[in-house]
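# Examination of the molecular architecture
In case you want the letters, here they are:
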Amino acid sequence: MLQKLRVTRFSHPLFRRLLASYCLVVLLLVSFTFFTFTFFREQIREEIIRYNTLNLRSTVDGYEDHVNLVYRTMLSYYTSDLVPLLDKPDFSYAIARQLRDDLQSTAGNELLWLENIAIYFESTGLVLEKFTSTDGEAFFQRFYSSSAYPLEFWEAQFRSSGTRYHWFPATRFYDATLRNAPVDKGVLFPFLVRNPLAPNVHMVAFLQANAMFDAMHTSIDDRFLILDASGAVVFASFEADELRLPEMPGDRGSKQVLDNYFFYMKGGTTGYTYVNIVPDTGVREAISRLNYTLIMFAFIALAISLTTSFLFSSWINAPIQKIVESLQHIHARDAAKRRTSEFELIDEAIHFMQAERRSKQEEIAEKTSLLESYAYLSKLKNIRHNSQAMKGLLEAERPFTLVLFRLTFRPTVREKFGVDLDDAQISSYFREYIRQELLVRFEKSHTFQVENDQIFSVVFDLTDPAPLLAALRDIGAVFDRDKETIFVTIAVSPTYRRSEDFSTAYEQVLTLAERRRFTDATQLLFGAPPAADGEGAVGLTPTQVQEFEANLSAGNADAVLALLRRIMAAMQKKEASAAQFLAFAEDIVVRTGRTLASLHIPPLGAEGVQGVKKHLADVHNARQLDAFFERMLADACYNVAKKRTDRDPVTAFVKEYLEAHYMEEITLDRMAEKLDITGGYLSTYFKEKTGMNFVDYVNDVRVRKARELLDRSPGLKIQDVAARVGYQNLNSFNRMFKKFTGLTPSEYRKEGGARGGAEE
């Protein structure tokens, strides 16, 4: 039977032509694939080597250009008017402060990768850097301490008259201010600049070696070396102690040693040699994998293509032959008169059937008048894409009013209707209820569902809107009985008299629905869209952005929450819409994630920004939004405080001391004296590490302790609370308390303490 089927199939001329055409295309593609593979296979290795050489050139240009840039930047200080003024025995601290600000600005330029810049004045023995001024011993032995570069090394360098600049090998530096807890400053390149015109002034920059490597290195492997003119290692991205380097003649080239390729190139400015090490096994494996993959793909593609060609030819030929046999049977007389091809016979039959279809359509059109209304309403689902269908829906030009019911399900809706039902099935129950209620009062109405949460009703020939509004209020009252599982927004358009206005009515009810207030009760909106009273209330002003980011960076959740509550209160006063509140909430989530990311903290934990945003789907009023912000900011500020406290011993000491002595008189200089550093250095250091001024942090701790006393001791007088947390002046206490909580102490106690006036 199978053999008979095959013979019959191959006897059809259409099948043979189709199969031959498919096979010809397949053979052409296979031939082209093999030719391309053979032609380019030999060039792959050369292309890989050329690619790695170009990568190294990019790395060398980046390092050399950056060295020149740093040199020119540091040389510009020798031409400054401030440096000669400080190179005198009578050292001017006012001029030093101005020059220190310039150094801090230059070191803060992220494109220079500078950890710090120090200017050493030999005449006075002082060192001026971005944070403070100190003597050479303190700077090189304590602030930038390294076993490879002790103070004696720098003194010898300052006495020598070498080249105009010297780029020293990278090593790890520490801040040894606290002898028992040195702070790691990372791997840095010391960069010494000399100027013959100012022999008593020396400049040393500390470049961030790993940051430069991450930014400038381009290679398929991370093994990278920088060698000086003598072949000594200036920088290595890996442990290179036991690595044997081959001879590298000339200024550039590549050399294969055992299983590694060494690509090297000498810098034109520094004379240093840059080396990328790439495993040869990776090149060979890449070529081998490509060979096997292409050959396997070619054979698989050939087999699949031939099989598919046979099947497609059979699938196309079989129905066409059945059609031809049917047509020959119907038109046996005509077929006997002349022999025609399959396509000619089908073309004649199609023309015949089209003529028959037109006559049947004319006959059926006379009998479908009773089904027109239902057909028009079913086409309403294409309201946004098919204007002709909307025009046909109301071709009788009857007055109509469009009503939108937007459903919002709460999580508990599954408990009532069952977890096996989806949103569309649950919505169908409410759609049927709305349809029955409107049909009882308005016979000329149609109700249908467009989306899972959108139900539309069209009421025709409505002369007075009052009965419709009354009916909708009754429907809303029924929904309110189920408010624990669902609430609804009802938007009603004005009455229109032309079918062309259907799109206008549709857009109008959608706009009205977007104007719903930020509550979870049923709302009935009708008439023209209201003026956007809440426009402009969404988002933070530039001043509020600074306040938000500063307090969040400092881990001050209470201050951030007080700011957000003030903004939400203003939005409620302006009657902002629910959409505006949710847009504001999304903006705060994004800003929180961005601020945490800038502090190198995973944005909003395991869920991330997008995961936290999903929780806003269950936020339907200001009280829920306040609780959402409180949870999110508590977690965020906890991570901020934990990161800052865990990683820095200086700030940890300050915070622990303040927690124990907040009721005492505390000054910046007294705290700096306990740490054996200057007050200016502590102020700058604390602000850099915590994002908060020292004085603000002291006030934050005291206000937090005051809140605890107000919550724990309702009978305690406010002036006594102020004295116990370290405030001798009641006005100062009131001002600081309101700054950090948004309320005065009296208001805070009246509103219930920790709630802070957030309950609605």
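Thresholds applied
- Residues numbered from 1 in each chain as written.
- Predicted model: local features only at pLDDT ≥ 70, side-chain atom pairs only at ≥ 80, totals over all residues.
- Heavy atoms only, no water.
- Helix = DSSP H or I, 4+ residues; strand = E, 2+ residues; numbered from the N terminus.
- Buried < 20%, exposed > 50% of the residue type's maximum accessible area, 1.4 Å probe, protein only.
- Contact = heavy atoms within 4.5 Å.
- Areas by Shrake-Rupley, 256 points an atom, 1.4 Å probe, with all protein chains shown as cover.
- Core = buried A, V, L, I, M, F, W, Y, C linked by side-chain atoms within 4.5 Å.
- Pairing = 2+ DSSP bridges.
- Axes fitted to C-alpha atoms, helices over the stretch in contact; angles between N-to-C directions.
- Expected span 1.5 Å × (residues − 1).
- Phe/Tyr/Trp six-rings, centres within 6.5 Å; stacked < 30°, edge-to-face > 60°.
- Lys NZ or Arg CZ within 6 Å of the ring centre and 35° of its normal.
- Salt bridge = Lys/Arg side-chain N within 4 Å of Asp/Glu carboxyl O.

Of regular secondary structure, the chain possesses 29 helices and 17 strands. Put simply, the chain has 760 residues, and 42% of those count as buried. Considering only intrachain contacts with a sequence separation of at least 6, the fraction spanning at least 24 residues in the chain is 63%. As displayed, the chain offers around 41,500 Å² of accessible surface, 54% of which is attributable to carbon and sulfur atoms.

Tyr63, Trp167, Phe191, Ile226 and Tyr274 are the most contacted members of the largest nonpolar core, which totals 49 residues. When residues of this core are assigned to their parent elements, the largest contribution, nine residues, is made by helix α3 (residues 44–78). Not counting residues within four places of it along the chain, the set of residues in contact with Ile226 comprises Tyr63, Trp167, Ala232, Val233, Val234, Phe235, Tyr272, Thr273 and Tyr274.

Now for the sheet that holds strand β14 (residues 445–451). On the basis of which strands lie adjacent, the open sheet formed by five strands has the order β14-β15-β13-β16-β17 and mixed pairing. Of all strands in the sheet, those bounded by a partner on one side alone are β14 and β17 (523–526). Sheet twist, expressed as the average angle between the axes of neighbouring strands with direction ignored, equals 20°. On the sheet, helix α17 (residues 502–514) packs against β13 (400–409), β15 (454–460), β16 (486–492) and β17 and is oriented at approximately 35° with respect to β13.

Mapped onto the elements, Ala557 comes out in helix α19 (residues 557–573). Note on Ala557: relative accessible area 21%, which makes it partly exposed. Spatially, the C-alpha atom of Ala557 lies 9.8 Å from that of Phe629, the residues being 72 residues apart in sequence.

Working note: α-helix, 3.6 residues per turn, so residues spaced by three or four point in the same direction. Taking 1.5 Å per residue as the helical rise, α19 with its 17 residues ought to reach 24 Å, and the 24 Å between its terminal C-alpha atoms agrees with that figure. Those residues of α19 lying buried are Ala559, Val560, Leu561, Ala562, Leu563, Leu564, Arg565, Ile567, Met568 and Met571. Note on α19: the residue one or two positions beyond its end, Glu575, has a positive phi of about 55°.

This paragraph deals with the sheet that holds strand β9 (residues 233–236). Strand order across the open sheet formed by five strands is β9-β8-β12-β11-β10, with antiparallel pairing between neighbours. Pairing within the sheet leaves two strands with one partner each, and these edge strands are β9 and β10 (252–257). With direction set aside, neighbouring strand axes in the sheet form an average angle of 20°. Bridge count between strand β8 (residues 224–227) and strand β12 (residues 273–279): four bridges; the pairing is antiparallel. Across the sheet, residue Ile226 finds its bridge partner in β12, namely Tyr274. In the packing of α3 onto the sheet, contacts are made with β8, β10, β11 (260–266) and β12, and the angle to β11 comes to roughly 40°.

Further remarks concern the pairing of β17. Residues Gln523 and Leu525 line the buried face of β17, whereas the alternating positions Leu524 and Phe526 sit on a face that is not buried. Sheet topology note: the β16/β17 ladder contains four bridges and is parallel. Considered in β17, the bridge of Ala491 is made with Leu525.

Moving on to the packing of aromatic side chains. Tallying each qualifying case throughout the model produces 45 aromatic pairs. Residues Tyr433 and Phe479 carry aromatic rings whose centres are separated by 6.3 Å and whose planes lie at 80° to one another, so their mutual orientation is edge-to-face. One end of the pair, Tyr433, is in helix α15 (residues 423–441); the other, Phe479, is in helix α16 (residues 465–481), and 46 residues separate them in sequence. Overall, Tyr433 belongs to the partly exposed group, its relative accessible area being 24%. The exposure class of Phe479 is buried, given its relative accessible area of 3%. Here the basic side chain of Arg164 rests over the ring of Tyr71, its NZ or CZ set 5.0 Å away from the ring centre. The ring of Tyr727 carries Arg702 above its face, with NZ or CZ at 5.6 Å from the centroid.

Side chains carrying opposite charge are able to pair once their charged atoms draw close together. Under the counting rule described, the total for this entry stands at 16 salt bridges. Between Arg517 and Glu575 there is a salt bridge, with the nearest N and O atoms lying 3.6 Å from each other. Of the two residues, Arg517 is situated in the loop between α17 and β17 and Glu575 in the loop between α19 and α20 (578–598); the sequence distance between them amounts to 58 residues. Under the relative-accessibility criterion, Arg517 is labelled partly exposed at 29%. For Glu575, a relative accessible area of 43% puts it in the partly exposed group. With its nearest N and O atoms 3.8 Å apart, the salt bridge here joins Arg565 to Glu630. Here the residue Arg565 occupies a position in helix α19, and Glu630 occupies one in helix α22 (residues 622–647), the gap between them amounting to 65 residues. Arg565 sits in the buried class, given a relative accessible area of 17%.

Here we come to the environment of Leu402. The residue Leu402 is located in strand β13 in this model. Classification of Leu402 as buried rests on a relative accessible area of 0%. For Leu402 and Ala491, which are 89 residues apart along the polypeptide, the C-alpha to C-alpha distance reads 8.4 Å. Once residues within four sequence positions are removed from consideration, Leu402 is found in contact with Phe456, Ser457, Val458, Ala491, Val492, Ser493, Phe502, Ala505, Tyr506 and Val509.

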